[in-house]
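Structural description and commentary
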Amino acid sequence: MRPMRQFTVSRLPELLFGEGRLFELPAVLRRMGVSAVALVTGGRSFRDSENRERLLAALREAGIRVAEFSVRGEPSPEEVDGIAAELKGSPGPRVDGVAAVGGGSAIDAAKAVSALLTMEGSVADYLEGVGSRVPPGTRLPLVAAPTTAGTGTEATKNAVISRVGEGGFKKSLRHDNFIPDAAILDPLLTLSCPPEVTAASGLDAVTQLLEAFTSPRGSPFTDAMALDALRIAGDAFPRVCRDGGDREARAGMAYAAYVSGVCLAHAGLGVVHGIASPLGGMFHIPHGLICGTLVAEASRFTIGRAMRIDDPSGGSVLKKYARAGRALSGREAGSDFGDAALLINTLEALVERARLPRLGALGLTEEDARRVADKTAAPNHPVPLSPDDVFDILRRRI
Ligand SMILES: [Fe+2]
């Protein structure tokens, strides 16, 4: 056994996993003492579904008042400020809790609103690298029920807020206390997730698991969680791409995504997410698509680098990628190098199956790639990367 370094496991959200559990939301809110909830939902699929009517009826029956908001796309500071201002300014009883039923964007918006309702000013004032104020960590009770399986934001301590375009950014509102109180993983909610969102968000989860697993900040706790979830995702992801109605595979991806959130909140992420931050601020490209299109290439580059550098810990970086390769592929090649190669091949096959476009097809030029590379920070990547290295990874996916 290797000597164990210090590590901390933060509070995890209470987890309600299983089909139909969305309708336990009123009971969960009641238990938290919530009597008026701001319900943030995402795109159309949930709002048009019978689940919405059923949920609203259940909330009414439990005596919980509802103020409903919907968020389209990744939330901007103006959107979050607008919801908070409307809630603060509305007559009648104040909401005393926030719930999200939607994709990562809806959950991030809800997370930010739950904090902003207890703070002064604009959410932009508190964003890392944008504002000058530090969030005090106060928020209203918060429950998240994801309708996509990907970001894992139902388990993380940050909300990503973005402004896209010239001078754009994609930054986090972050505090340990922003981890939601409860996550409801009801795989039935993900059945209506469209194929392109299923593919991109699933690869985001796989990327997060791999980057947290290979992070130097990982611990025996995150390693065990991430490795098992990679094994589950390796089986479930091709299945949900093939058949969106495969309930067992949908459940697998919902769990893998939640675990990816737990792991990234503890271990951090690598260069793919380092790139996704400036790239997502410059271009309107969904986060999962950026991660998915880059993960195989970034892994190939890193494994190549890990094999060349003199690694005093006996090839531990390569060994990590090899273990991930065995978990994700469900196979063994008989050597660390072979298993690391299996990882790259499996990731490439997943990206192929997901039919993700290359960055060039999304409008990225070499000049843009250079600007993104210069702005990329990846302090938790397992090998050090220069801006030229990052540019190399990007260039190969243009
Ligand atoms: Fe991500």
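Residues numbered from 1 in each chain as written. Predicted model: local features only at pLDDT ≥ 70, side-chain atom pairs only at ≥ 80, totals over all residues.

What follows covers the overall build of the protein. When you go through the protein residue by residue, the secondary structure sums to 14 helices and eight strands. A globule of 398 residues ought to have a C-alpha radius of gyration of about 21 Å, and the protein, at 20 Å, matches this closely. The C-alpha extent of the protein, read off along each of the three principal axes, is 65 × 45 × 45 Å. Looking at the protein as a whole, 54% of its 398 residues qualify as buried. Of all intrachain contacts in the protein linking residues separated by at least 6 positions in sequence, the fraction that spans at least 24 positions is 78%. (Helix = DSSP H or I, 4+ residues; strand = E, 2+ residues; numbered from the N terminus. Rg over C-alpha atoms; globule rule 2.2 N^0.38 Å. Buried ≥ 20, exposed ≤ 12 C-beta atoms within 10 Å, placed from the backbone. Contact = placed C-beta atoms within 7 Å.)

Let us now look at the domain arrangement of the protein. A common way to report how large an interface is uses the accessible area buried once the components associate. With domains assigned, the protein is organised as domain 1 (14-190) and domain 2 (195-395). The straight-line distance from the C-alpha centre of domain 1 to that of domain 2 is 27 Å. Opposite the 23 residues of domain 1 that make contact, domain 2 presents 26 residues. Only β1 (14-17), β7 (169-174) and β8 (182-185) provide two or more residues apiece to the side of domain 1 that touches domain 2. Looking at the side of domain 1 that touches domain 2, its residues break down into 11 nonpolar, nine polar and three charged. (Domains from an automatic or database assignment. Nonpolar A, V, L, I, M, F, W, Y, C, P; charged D, E, K, R; others polar.)

Right, let's talk about the pairing of strand β5 (residues 142-146) for a bit. Most of β5 is tucked away, with five of its five residues classed as buried. Residue alternation in β5 divides its side chains into two sets, Leu142, Ala144 and Pro146 and Val143 and Ala145, and both sets are buried. Read from strand β4 (residues 97-102) through helix α5 (residues 104-116) to β5, the crossover connection turns out right-handed. The sheet contact formed by β5 and β8 spans two bridges and is parallel. (Right-handed = clockwise from strand over helix to strand, strands pointing away. Pairing = 2+ DSSP bridges.)

Next up on the list: the pairing of strand β2 (residues 36-41). Of all six residues making up β2, five are buried, and the element is well covered by its neighbours. Inspection of the sheet shows β2 paired to strand β3 (residues 65-70) by six bridges, in the parallel sense. Considered in β3, the bridge of Thr41 is made with Ser70. Here five bridges tie β2 to β4, and the two strands are oriented parallel to one another. Residue pairing in the sheet places Val40 in a bridge with Ala100 of β4.

All right, on to unusual backbone geometry then. The phi dihedral of Arg355 falls on the positive side, at around 50°, and the residue is not glycine. Position of Arg355 relative to the elements: it lies in the loop between α12 (336-354) and α13 (366-375). For Arg355, a count of 10 C-beta atoms within 10 Å translates into the label exposed.

Judged by pairing direction, the sheet is parallel, and its six strands sit side by side in the order β1-β8-β5-β4-β2-β3 without closing on themselves. Strand pairing shows two members of the sheet lacking a second neighbour, β1 and β3, which therefore form its edges. For this sheet, the mean inter-axis angle between neighbouring strands, taken without regard to orientation, is 15°. Packing against the sheet, α5 makes contact with β2, β4 and β5, and its axis sits at approximately 170° to β4. (Axes fitted to C-alpha atoms, helices over the stretch in contact; angles between N-to-C directions.)

Further remarks concern the nonpolar core. Residues Ala110, Val113, Leu209, Met253 and Ala256 are the most contacted members of the largest nonpolar core, which totals 129 residues. When residues of this core are assigned to their parent elements, the largest contribution, 14 residues, is made by helix α8 (residues 247-267). If near-sequence neighbours (up to four positions away) are discounted, Val113 is found in contact with Ala38, Val40, Val80, Ile83, Ala84 and Val98. (Core = buried A, V, L, I, M, F, W, Y, C linked by C-beta atoms within 7 Å.)

Given 3.6 residues per helical turn, the α-helix brings residues three or four places apart onto the same face. Taking 1.5 Å of rise per residue, 19 residues should cover 27 Å, and α12 covers 27 Å from first to last C-alpha, within 8% of that figure. Buried within α12 we find Asp339, Ala340, Leu342, Leu343, Ile344, Thr346, Leu347, Leu350, Val351 and Ala354. For α12, the elements touching its buried residues are α6 (195-214), α7 (220-242), α10 (287-308) and α11 (316-329). Positioned one or two residues after α12, Arg355 has a phi angle of 50°, which is positive. (Expected span 1.5 Å × (residues − 1).)

For α13, the set of buried residues is Ala369, Val372 and Ala373. Across the axial projection of α13, the buried residues extend over an arc of 100°, all falling on one side. Across α13 from its buried face, at more than 90 degrees, point the exposed residues Glu367 and Asp374. Tucked into the core, α13 has its buried residues touching α9 (271-282) and α14 (387-395). (Arc of directions from axis to C-beta.)

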